[in-house]
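Coordinate inspection notes
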Amino acid sequence: MGAKVTASNDSLIVRRRDAWKEPRYFSIGTVVGKADPKTIPDINDILPGNAIEKLTETEFLKACREVIVYQQDNGLFGASLICAAICAERKTFAFYHFLDAVEMDEEELIKTLALCEVYEVPVFPDTLELNPILESLFARLYENGFEMGDGDGGKRRMVLRKSIGGSPLGDVELSLDVTLPKFVQPVLAISNQTRVDRFRQLFWHTASFLEAFVRGIEALESALSEDDLTEHKLQRVLEKHPELFGLSYQRVEPQFAFAEKFVADFAFFTGQGSTVFVEIESARRKLFTKKGDQTADLTHAIGQVTSWHQWIAQNALYAREKIPNVEAPYSLIVIGREEALTERDRQTLLWINSVNRHQYRIITYDDLLAEAKALFSKLTGSSAANGHMSSEIREVTSLMGRPKALGSSGDVA
């Protein structure tokens, strides 16, 4: 049994069904036969006094189930009225495409939309392309009102009066107290749903990327903790999660071969047309000796990227055929662990990177991991170190589901 709802002195309980306490009467037309003396009595047998020979636009709208707005070839608008009608032969009701109002400019259409608001008639666009136009016309209606005959051959501007609890507005009046009706037009609902769908699609793709990103961080962190870590394992992790290197690239190619003798572990092609080569070495290798000199491993890695740059400089035309827009290549060397560096080593590495900042940069795997975590934190406002982050993002993407691609056109169902 539902809870009992009571009203207090400070609140008003509003129920839409209160709008239907009394029947609403409207005049109707006929689907079969004309409203002549022969058919009117038949209709009046069912709804006494409700058949008239001439129906006005207002009478039609009172009986409308929906109005479908379309745009004509000449740029003016038309509106198809789907009305409640009666078949005089069968003496039964039907909803029927009763008539079209045509050759309406924007102001005339706004007046029709206003009457649809008054009688709570849903308005639909014939095609989705028309929906933004109708949405803007409704906005003009709500803000500026509409023009209507004053009975003396002139016109006056009217505004809609507030609808309470979804009950019909009933009439229109000049008023400074403009309040949007509680009845939500399908046109506005369609626009809102389109925005929600677009946001949902954007959110799903973003969440999916973040899920892959945090998985990459976790995979790299896990790999670095293994005792039997090999360069090949690190290569696999980084190939699967290139976002660990940042987001400034448009395309990435692992094991990028050029000049028939050079192979970069990765080549990142950025939006500015530049190319970043990546040379990865084992995380077990050291950068400096106990005396503070470069190790053979670090010297080899630097020599490798230097030879790439030198070849590109000496073979510029051929290089541009193989690597479009490559002018001044840049390289990243990933090698070793932070824990193996002394304070003197760190200062030396800082100096090397400063001197060669236009050619290459040397980082450890811990630097790569820390920079990826910092980027993730900026994107999400959360720490990637949170063990629940991956499962939380995965749960969100699972609940959202893969959204369907949004169409740009089509009929409105």
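This structure is a prediction, so every number in the text was calculated from the model and none was measured.

A positive phi angle, near 55°, is found at Glu 103, a position not held by glycine. For Glu 103, the position within the fold is in strand 3 (residues 92-104).

Within the secondary structure, Glu 117 sits in helix 3 (residues 106-118). Residue Glu 117 is classed as buried on the basis of its relative accessible area of 1%. Among the polar contacts made by the side chain of Glu 117, one reaches the side chain of Tyr 142 at a distance of 2.9 Å.

Here we come to the pattern of salt bridges. Under the counting rule described, the total for this entry stands at 14 salt bridges. Notably, a salt bridge pairs Glu 343 with Arg 346, separated by 3.8 Å at the nearest N-O pair. Here the residue Glu 343 and the residue Arg 346 both occupy positions in helix 9 (residues 343-355), the gap between them amounting to 3 residues, near one helical turn. Salt-bridge contacts for Arg 361 lead to Glu 371; the nearest nitrogen and oxygen are separated by 2.5 Å. Remark: Glu 371 occurs in helix 10 (residues 365-380) and Arg 361 occurs in strand 12 (residues 360-363); sequence separation between them is 10 residues. Exposure remark for Arg 361: the relative accessible area of 31% places this residue in the partly exposed category. Relative accessible area serves as the criterion here: at 37%, Glu 371 is assigned to the partly exposed category. Each of Glu 106, Glu 107, Arg 140, Glu 147 and Arg 157 takes part in one network of salt bridges that share partners.

It is worth spelling out the pairing of strand 6 (residues 155-160) at this point. Strand direction decides the pairing type here: strand 5 (residues 146-149) and strand 6, joined by 4 bridges, are antiparallel. By the bridge assignment for strand 6, Glu 147 is matched with Arg 157. Where strand 5 folds back onto strand 6 in an antiparallel hairpin, the turn is made up of 5 residues, including Gly 151, whose phi is positive at roughly 90°.

Procedures and definitions
- Residues numbered from 1 in each chain as written.
- Predicted model: local features only at pLDDT ≥ 70, side-chain atom pairs only at ≥ 80, totals over all residues.
- Heavy atoms only, no water.
- Helix = DSSP H or I, 4+ residues; strand = E, 2+ residues; numbered from the N terminus.
- Buried < 20%, exposed > 50% of the residue type's maximum accessible area, 1.4 Å probe, protein only.
- Polar contact = N/O pair within 3.5 Å; in protein donor to acceptor, adjacent residues only side chain to side chain.
- Salt bridge = Lys/Arg side-chain N within 4 Å of Asp/Glu carboxyl O.
- Pairing = 2+ DSSP bridges.

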